[in-house]
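Structure assessment
Listed below are the residues making up each chain.
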Amino acid sequence: MSAVSGVRKAVRPGRLFGIVTTAAVIGALAACGSGSGSAASGGDVKLEFAQWWAAELPDGAFDKIVADFEAQNPGITVELVTAPYASTKQQLVSGAASRTLPDVVGLDGAWVNDFSQQGAIANLSDLMKDAGYDESQLASQIQVDGSTYMIPVVNFVYPLFVNTDLLKEAGVNEVPSTRTEFVEAAKKISALGDNKKGWALPLDTSAPNGAQNDVMSWLWASGGSMLADGKPNVNTPEVKSVIDMIKGLTDADAVAPGYLTMKEQDKVEKFTTGQIGMMVDSLAHINLIKENAPDLNFEVAAIPATDGYTGKRGIPYASWGIGVADSSEHQAEAFKFVEYLMSKDVNAQLSTLANGFPGNTASKPDFSDSDPKFEEAFTIYQDGTPANEFTGLPKSEDLMRTLNEQLQAVLTGKTSVDDALKNTQDNWASVF
Amino acid sequence: MEPAHPTAGPSVSPSLSPSVSPAPQSAPDPAFPAGPAPTSSISTLTLTRTASPQENPPPRPARMPWATRVARRLVPFGYLTPTIVLLFVLMVVPIVMVISYSFKDNVIVERNPVLVGFANYTQILTDPNFRTALKNTAIFIVGSMGAHLVLGLVFAMMLNSPLLGPLTRSVFRVLYILPWLFTIAVVAVLWRLMLDPAGVVNYVLEAAHLIDGQVDWLASPATALWAVLFINIWSGYPFFMISILAGLQGIPTDLYEAAAVDGAGPWHTFWNVTIPQLRPILLSMAVLDLIWTSQQFALIWMTTGGGPLNSTEMLSTYVYKQAFSSYEFGLASAAAVIVLLLTMLLAFFYVRQQRER
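Residues numbered from 1 in each chain as written. Chains lettered and ligands numbered in written order. Predicted model: local features only at pLDDT ≥ 70, side-chain atom pairs only at ≥ 80, totals over all residues. Heavy atoms only, no water.

**As for the overall build of chain A**
Scanning chain A from N- to C-terminus turns up 17 helices and 14 strands. The burial tally for chain A puts 56% of its 432 residues in the buried class. Excluding contacts between residues fewer than 6 apart, the proportion of contacts in chain A whose partners are at least 24 apart in sequence is 73%. Of the accessible surface of chain A, which amounts to about 17,200 Å², a share of 50% is contributed by carbon and sulfur atoms. (Helix = DSSP H or I, 4+ residues; strand = E, 2+ residues; numbered from the N terminus. Buried < 20%, exposed > 50% of the residue type's maximum accessible area, 1.4 Å probe, protein only. Contact = heavy atoms within 4.5 Å. Areas by Shrake-Rupley, 256 points an atom, 1.4 Å probe, with all protein chains shown as cover.)

Take a look at the structure:
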């Protein structure tokens, strides 16, 4: 009994505690609500910049570039919000939905159409006009309905990587430059046995960019297009020839097994460990491969084209693009930062650090300290045209996934090439 | 608030209980007037049972002022407020939002989505991919749960065996529990490497002449679902094992002795003593496992991404793709609501089973 009465009484001093806690929680919530509005009160502007770039650059390199900007622009500070590529994408999708995007956002061309339709990213054409910016210095702009929404800051090309040791071992002396030569080389390498294969084809659907880098790249390399007047045009002899080639390679057992769920990193790892002879991959991976396999002898080359093709070769690329949030209260300052990143010297510096190619036509990356392969690739880049038709398309990741799934069906014998292309065309057309 | 005098009161309790002295100097609490309660009752206040047995409960005040009664009623809610606020912000608001999204078209993507009634639900329920996901999820959760239960029980009984010395037992306990200590990302990477066509698993199986040629465990539509099921079983059984082991150790030995006296063999003892004694644990673990496994996303996403050809597509990956790849947040919400309802069904059985105990 005494215990019960004790408890009842003991509540008394605690009642205050309960009420104080309540008040504290409510106070804290109120503080959260009002905190965001007071940022600009001192005349200082704080820009948030969400990107995945800093994580892929040498430690602290991007912070230094940002610090230089802050030194040149007193009153503007830039806070980097760095996360891996996939997490950045998810953050931006939810940020776009809730209109809480950071002021400046790192973009992939594949997201631009959706974000611009959502009204989440600002029309850069307008911002450029307001700032009196000279657009002609930009190598490319990603546009939706005639207005720019993303500016590629650094471009990464996807050439063909060739393991020259394996190629020699298989008795092939020249790096393939036509599809016939490529198929032959792939078969010869696979004939070496010991789990070695000629090529790798990542068709995983969780990150379906294999459709772009490893499949459609073959089409663009021969000057082909999967679009007509901005609409899907997949059911063509040109696309069919690519799928036929891939089907021929898998039938000949010349592709590394496990391709139906292979991811990009598996492909790079297999090349690094000498299990595959050739792959189409980002130039940015050169350093990673050299670090993990210093003795591996490899070259980069243009993606083989159809026999007898003499036109300019399209070379697939991915970019670190930049955009400004439509909901940002400091769009002018945000564009100032974009201008800074695109300026001749900074852009050259950033491209050099990232092992990519500059988005400013006047910038020249500094190859003096880098692998000679980068200079080779720069020649390939300048000789060809950057090509990535998925950039700027609506729901482009979904389009890639559809292609991957249809290709999976073809390669497992569940459907014919013609049906797969027809299904892809129908599915894509329904999205546009 | 009265100042406490832990040593000044008549109570000789050596404990740290807040024994409050008669405290004649205490001022009445302005917020909560104590009413006519006699101060003498305060002198007996102690939270321990060491107080003298002759004390009486304080006489209940005949009638409290209205404000006091309301204040008293509100006190519990004061304590609960942080939880209620958190629950509201983190549970109620998102759930209500998702449910409202599921009735709208192009929500989030369009600024002004339109109400479409049950159109999203119709579209989801007639989507063959959704039905594939539903079927795969059912196989995945039932298979995982069944295997977890059997493996957990077998390993727990082995570890509980009196034939093992204490050292051997500890070593095996650590070994068996290892899979549970890895985060799912590590588990996924580990098994991707091992199940690679040129990986360890194929090598061992080929050396043992169990398979002929390389098997694409995770990349073949015929084997992918079973491969991810196997990985999930491997990573999840230790939790069952530990819980069942704890249950086994709680079974009184006299039950086994009585069974032995009655002449029951090991099989009868198992079915008539061990299983009935473990039943409550087994049931709750089974239902919880069904709920947890139905939400497994990371493992699938990191090993197969739902492929190849949707052969490992689960409800979780299906919803994710609808939302973050197709940007069909209305459809994704509708699918998520269906998943919520199915999970609630399982949760209902769990709660009912808990109440029965």
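Text resumes after the structure shown.
**Thoughts on the overall build of chain B**
The number of helices and strands found in chain B is 13 helices and 2 strands. The proportion of buried residues among the 357 residues of chain B is 39%. Pairs at least 24 residues apart make up 66% of the contacts formed inside chain B by residues separated by at least 6 positions.

**Side note on the confidence of the model for chain A**
Averaged over all residues, the pLDDT of chain A is 86; the fraction at 70 or higher stands at 90%. In the predicted structure, residues 1–42 of chain A sits below a pLDDT of 50 and forms 38 contacts with residues beyond four places in sequence or in another chain. (pLDDT = per-residue confidence, 0-100.)

**Let's talk about the nonpolar core**
Counting 101 residues, the largest nonpolar core has A:Phe49, A:Trp53, A:Phe62, A:Leu107, A:Ile322, A:Phe337 and A:Leu341 as its most contacted members. It is helix H13 (residues 329–356) of chain B that contributes the most residues to this core, 8 residues altogether. Grouped together as the second largest cluster of nonpolar side chains are 52 residues, A:Ala170, A:Leu227, A:Met245 and A:Val280 included. (Core = buried A, V, L, I, M, F, W, Y, C linked by side-chain atoms within 4.5 Å.)

**What to know about the packing of aromatic side chains**
What characterises a pair of aromatic rings is the spacing of the ring centres plus the angle enclosed by the ring planes. Residues and elements named next belong to chain A. Per the stated rule, a full pass over the model turns up 48 aromatic pairs over all chains. Taking the centre distance of 5.2 Å and the plane angle of 10 degrees together, the rings of Trp53 and Trp320 count as stacked. In this pair, Trp53 is assigned in helix H2 (residues 53–56) and Trp320 in strand S12 (residues 314–324), connecting sequence segments 267 residues apart. Judged on exposure class, the residue Trp53 and its partner Trp320 are both buried. (Phe/Tyr/Trp six-rings, centres within 6.5 Å; stacked < 30°, edge-to-face > 60°.)

**Overview of the packing of helix H10 (residues 266–294) of chain B against H13(B)**
All names here are of chain B. Contact geometry of H10 with H13 gives a least axis separation of 10 Å together with a crossing angle of 165 degrees. Regarding the angle of H10 to H13, the classification is roughly antiparallel. Between H10 and H13 lies a crossing whose hand is left-handed. Along the contact surface, H10 presents Pro280, Leu283, Ser284, Val287, Leu288, Leu290, Ile291 and Ser294, while H13 presents Thr343, Leu346, Ala347, Tyr350, Gln353 and Gln354. A per-class count over the contact of H10 with H13 returns 9 nonpolar, 5 polar and no charged. (Axes fitted to C-alpha atoms, helices over the stretch in contact; angles between N-to-C directions. Parallel < 35°, antiparallel > 145°, perpendicular 65-115°, else oblique. Left-handed = near helix turned anticlockwise from the far one by under 90°. Nonpolar A, V, L, I, M, F, W, Y, C, P; charged D, E, K, R; others polar.)

**Comments concerning the pattern of salt bridges**
Counted according to the given criterion, the structure contains 21 salt bridges over all chains. Residues A:Asp214 and A:Lys267 are paired through a salt bridge, measuring 3.0 Å at the closest nitrogen-oxygen approach. Taken together, the residues span a long stretch of sequence, with A:Asp214 in helix H9 (residues 210–221) and A:Lys267 in helix H11 (residues 264–272) at a distance of 53 residues. Residues B:Glu313 and B:Lys321 are paired through a salt bridge, measuring 3.1 Å at the closest nitrogen-oxygen approach. You can call B:Glu313 buried: its relative accessible area is 4%. Among the charged side chains, a salt-bridge network with shared partners connects A:Lys89, A:Glu397, A:Asp398 and A:Arg401. (Salt bridge = Lys/Arg side-chain N within 4 Å of Asp/Glu carboxyl O.)

**Things to note about unusual backbone geometry**
Positive phi outside glycine occurs at A:Lys395, with the angle close to 45 degrees. Not every positive phi belongs to a glycine, and B:Leu309 is a case in point at roughly 55 degrees. Mapped onto the elements, B:Leu309 comes out in the loop between helix H11 (298–303) and helix H12 (315–324).

**Regarding the packing of helix H9 (residues 253–261) of chain B against H10(B)**
Residues and elements named next belong to chain B. Relative to each other, H9 and H10 sit at 160 degrees, their axes nearing to 10 Å. In this view, H9 runs roughly antiparallel relative to H10, as classed from their interaxial angle. Along this stretch, H9 crosses H10, giving a crossing that reads as right-handed. Taken together, the residues of H10 that come into contact with H9 (itself represented by Leu255, Tyr256 and Ala259) are Thr269, Val273, Thr274 and Gln277. Per-class residue counts for the contact of H9 with H10 are 4 nonpolar, 3 polar and no charged.

**Digging into the sheet that holds strand S7 (residues 197–199) of chain A**
Strands pair in a sheet through their backbones, by hydrogen bonds, and they do so in one of two ways: parallel or antiparallel. Residues and elements named next belong to chain A. Spatial strand order, S7-S10-S6-S11: 4 strands in an open sheet with mixed pairing. For this open sheet the edge positions go to S7 and strand S11 (298–301), each flanked by a neighbour on one side alone. The mean angle between the axes of side-by-side strands here comes to 15 degrees, regardless of whether they run parallel or antiparallel. Relative to strand S10 (residues 276–280), strand S6 (residues 160–163) runs antiparallel, the two sharing 3 bridges. Residue pairing for S10: Val162 is matched across the bridge by Met278. This element, helix H8 (residues 179–190), spans S6, S7 and S10 of the sheet and lies at about 155 degrees to S7. H9 contacts S7 and S10 of the sheet and is inclined by roughly 75 degrees relative to S10. (Pairing = 2+ DSSP bridges.)

**Description of the side chain of B:Ser235**
Relative to the helices and strands, B:Ser235 resides in helix H8 (residues 224–249). When neighbours within four sequence positions are excluded, B:Ser235 is seen to be in contact with B:Pro179, B:Trp180, B:Ile184 and B:Val187.

**Brief notes about the confidence of the model for chain B**
Low pLDDT means the predicted coordinates in that region are not meant to be read closely. Residue and element names in this part refer to chain B. Confidence along chain B averages 82 in pLDDT terms, with 82% of residues attaining 70 or more. Within chain B, the element-level pLDDT minimum falls on helix H1 (residues 40–43), averaging 42, and the maximum on helix H4 (residues 128–159), averaging 94. Here residues 1–53 is a poorly scored stretch, pLDDT under 50, and it has 47 contacts once near neighbours within four places are set aside; other chains count.

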